[in-house]
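Chain by chain, the residues run as shown.
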Protein chains: 2
Amino acid sequence: MRLVVARCEVLYTGRLTARLPEAVRLLMFKADGSVLVHDDAGGYRPLNWMTPPTMVEDEDGLIVVRKGAGKSEDRLEIRIAEVLSDVTHDMGESVALQKDGVERHLQEELAARPDALGAKLRLVRREWPTDIGPVDLMCRDESGDWVAVEIKRVGTIDAVEQLSRYLERIELDGCRGILAAQAIKPQARTLAESRGIDCVEIDLAVLRGQREPDLTLFSA
Amino acid sequence: MRLVVARCEVLYTGRLTARLPEAVRLLMFKADGSVLVHDDAGGYRPLNWMTPPTMVEDEDGLIVVRKGAGKSEDRLEIRIAEVLSDVTHDMGESVALQKDGVERHLQEELAARPDALGAKLRLVRREWPTDIGPVDLMCRDESGDWVAVEIKRVGTIDAVEQLSRYLERIELDGCRGILAAQAIKPQARTLAESRGIDCVEIDLAVLRGQREPDLTLFSA
DNA sequence: CGGTAGATTTCGTGA
DNA sequence: TCACGAAGTCTACCG
């Protein structure tokens, strides 16, 4: 990884046109061709960047990063006014990040314990296919009726729309829908209820039995 | 900005739990409290990060970054095994990025020339309010009929859904919809047409008159 | 390669 | 503070 701290101006042309006036920035050139221009503020997003695969030309105070070709070429032009630091580090092998708690895990837990959705449900299959995409969980309830379950980390209006599209397409009589999420937005809940879709908030820790539901609230 | 290249392990707990095994990483500490952990590959996104406001404790090979408090605390724990480099740069003032070509510009241009949408339209107002949000452009056509226009850079199924929601709510008889975008996805076009919504692809450069429509194709 | 859905999305804006 | 919509979204997955 090459790290350059320099006073520079950056021009981007591609999906849009952007100009970054001359100031001191951090330029990051990664081994895979990624180029990032960072400021000393502004959170996690670079001011400008280019994702691999790229071609980098660096000569005489002008660095040009290209991607694609012809009409759809992306181009990042870095005009260096003054270099304050320029170091390269060999960072060796990279090791993958291990995540836990994303939607797929939630789906796994709910697939194992669909009763956590509040009704006595029996899982028929995960990723039930429709012509516009898979339903996360397809179940049947006590009465044998079909229940389509959409799982999100955050339940938004979009999630309700997505589940609604599935329900329109599903060729099963009386199939109802459940939106399950760790948090459900009020307006999503309102829209869901107006469409007869049930909402269930899920606590992943409780689901896993790492922690009991807060029964003290009701035992007193 | 403080830049540290170090062999380290990173643990994140917050919205999810993540572990980054020990390897050489770039640690970036920005003046505004942002902390980013970058690898020598993997594009523009940090492996781990925390956005401001944060509190950073750094002592004896253990860096702890905190955000929020109580049950919703986010915590980033960086366990340093070996420091390869540790430098701090004063980067001075930051200057804002200037962008051009985003949706707002598209809306401005179309507001000025609604006839570019393919029918003789007259603009009634931008950001026409409904109870679920504003319609980008509200126009009337030659017959005096109402036309609601949704503008996107890329026209997706979501854009069609959004416009459909507006059309449902608009209390104007016979109001039809137009989806205008620089590019429209085939499946979005299909969904739009099945709902009687017109699709128009817009070339921003042509719209601005910087470049004429490619008439040579038809003049020969 | 295009399309869809997820993301610790982030980030801005308006109510 | 909340909620919504844009983003050069990026990224993984599936056809």
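Data block above holds the structure.
Read on for an overview of the structure. (Residues numbered from 1 in each chain as written. Chains lettered and ligands numbered in written order. Predicted model: local features only at pLDDT ≥ 70, side-chain atom pairs only at ≥ 80, totals over all residues. Heavy atoms only, no water.)

1. Describing the interface of chain B and chain A
Convention followed: Note on contacts: a residue pair is in contact if any heavy atoms of the two residues lie within 4.5 Å. Buried area: the sum, over both parts, of the accessible surface (1.4 Å probe) that disappears when the two are put together. Salt bridges are identified by distance alone: a Lys or Arg side-chain nitrogen within 4 Å of an Asp or Glu carboxyl oxygen. In the analysis that follows, any N or O atom pair within 3.5 Å is treated as a polar contact, provided that within protein one partner can donate a hydrogen and the other can accept it, and provided that, for residues neighboring in sequence, both atoms belong to side chains. Counting from the N terminus, the helices are DSSP H or I runs at least four residues long and the strands are E runs at least two residues long.
Contact residues are listed per partner, giving 53 residues for chain B and 54 residues for chain A. Overall, the association of chain B and chain A removes approximately 4600 Å² of surface from exposure, summing both partners, and the carbon and sulfur fraction of that is 57%. When the area that chain B buries against chain A is broken down by residue, the three leading residues are Asp40(B), Tyr44(B) and Met91(B), summing to 17%. At the surface where chain B touches chain A, the tally comes to 2 salt bridges. Among the salt bridges present, the one from Glu161(A) reaches Arg165(B), with a minimum N-O distance of 2.8 Å. Along the contact surface separating chain B from chain A lie 24 residue pairs in polar contact (both at pLDDT 80 or more). If you list the elements that add at least two residues to the side of chain B that touches chain A, you get strand E1 (2–13), strand E2 (17–29), strand E3 (35–38), strand E4 (48–50), strand E8 (98–100) and helix H2 (157–169) of chain B.

2. So, the packing of aromatic side chains
Aromatic ring pairs are defined here through the distance separating the ring centres and the angle between the ring planes. Put simply, the rule reads: In summary, the pairing rule links any two rings of Phe, Tyr or Trp, Trp by its six-membered ring, whose centres are within 6.5 Å, and it sorts them by plane angle into stacked for under 30 degrees, edge-to-face for over 60 and tilted for everything else. Accessibility here uses a 1.4 Å probe with only protein chains present; expressed as a share of the type maximum, an area under 20% marks a residue as buried, one over 50% as exposed, and anything in between as partly exposed. Look at NZ for Lys and CZ for Arg. If either is within 6 Å of the ring centre and within 35 degrees of the ring normal, a charge sits over the ring.
Applying the stated rule across the entire model yields 4 aromatic pairs over all chains. Judged by centre distance (5.1 Å) and plane angle (40°), the ring pair of Tyr44(A) and Trp49(B) falls under tilted. In this pair, Tyr44(A) sits in the loop between strand E3 (35–38) and strand E4 (48–50) while Trp49(B) sits in strand E4, so the two residues belong to two different chains. Overall, Trp49(B) belongs to the partly exposed group, its relative accessible area being 32%. Looking at Arg2(A), its charged tip hangs above the ring of Phe29(A), at a distance of 5.4 Å from the centre.

3. So, the relation of the copies chain B and chain A
Convention followed: Here the copies are matched by least squares. The fit uses the C-alpha atoms of residues with pLDDT of at least 70 in both.
Of the transformation superimposing chain B on chain A, the axial component is 0.1 Å and the angular component is 180°, with the fit at an RMSD of 0.2 Å. What we have between these two chains is a two-fold relation.

4. Quick look at the state of the cysteines
Cut-off, in case you're wondering: Two cysteine sulfur atoms form a disulfide, by the criterion used here, when they sit within 2.5 Å.
One pass over the structure, following the stated rule, counts 0 disulfides over all chains. Of the cysteine sulfurs around Cys139(B), a residue in no disulfide, the closest is that of Cys175(B), at 9.6 Å.

5. What to know about the protein's contact with DNA strand D
To keep things clear, this is the line we draw: What makes a residue near a molecule or strand is one non-hydrogen atom of that residue sitting within 4 Å of it.
The full set close to DNA strand D counts 23 residues, and Trp49(A), Pro186(A), Gln187(A), Lys152(B) and Arg153(B) are the nearest of them. Contact between DNA strand D and Arg15(A): a phosphate oxygen at 3.0 Å from a side-chain N or O atom of the residue. Lys99(B) has a polar side-chain atom sitting 2.9 Å from a phosphate oxygen of DNA strand D. Taken together, the elements giving at least two residues each to the surface near DNA strand D come down to E4 and helix H3 (186–194) of chain A together with strand E11 (146–155) of chain B.

6. A short note on the side chain of Glu161(A)
Within the element layout of this structure, Glu161(A) appears in helix H2 (residues 157–169). Each residue touching Glu161(A), except ones within four places of it in the same chain, is listed here: Leu191(A), Arg195(A), Glu161(B) and Arg165(B).

7. Concerning helix H1 (residues 103–112) of chain B
Burial in H1(B) covers these residues: His105(B), Leu106(B), Gln107(B), Leu110(B) and Ala111(B). Elements in contact with the buried residues of H1(B): E8, strand E9 (122–130), strand E10 (133–140), E11, strand E12 (176–184) and helix H4 (204–207) of chain B.

8. A look at unusual backbone geometry
All names here are of chain A. Following Pro 52, the chain continues to Pro 53 via a peptide bond in cis, the omega torsion being 0°. You will see that Asp 60, though not glycine, has its phi angle at about 60°, which is positive. By relative accessible area, which is 81% here, Asp 60 ends up exposed. Notably, Glu 127 is not glycine yet its phi reads approximately 55°, a positive angle. You can see Glu 127 is positioned in strand E9 (residues 122–130).

9. What about the sheet that holds strand E11 (residues 146–155) of chain A?
Residue and element names in this part refer to chain A. Convention followed: Pairing between strands is defined by DSSP: at least two bridges between the two strands are required. In this description, a line fitted to the C-alpha atoms serves as the axis of each element, helices being fitted only across the stretch in contact, and the angle between N-to-C directions of two axes falls anywhere from 0 to 180 degrees.
The mixed open sheet is built from 5 strands, whose spatial order is E9-E10-E11-E12-E13. Both edges of this open sheet fall to E9 and strand E13 (198–201), since each of them pairs with a single strand only. Averaged over all neighbouring strand pairs, the angle between strand axes comes to 30°, with direction disregarded. Examined bridge by bridge, strand E12 (residues 176–184) and E13 share 4 bridges and lie parallel to one another. Bridging from a neighbouring strand, Leu 179 pairs with Cys 199 of E13. The strands that helix H1 (residues 103–112) touches are E9, strand E10 (133–140), E11 and E12; relative to E11, the one it contacts most, it runs at about 145°.

10. Quick look at the sheet that holds E12(B)
Residue and element names in this part refer to chain B. Pairing is mixed in the open sheet, where 5 strands are placed in the order E9-E10-E11-E12-E13. Both outer strands of the open sheet, E9 and strand E13 (198–201), are each paired with one neighbouring strand and no more. Ignoring strand direction, the axes of neighbouring strands in this sheet form an average angle of 30°. Helix-sheet contacts for H1 involve E9, E10, E11 and E12, and the interaxial angle to E11 is about 145°. Docked against the sheet, H2 engages E9, E10, E11 and E12, running at close to 160° with respect to E11.

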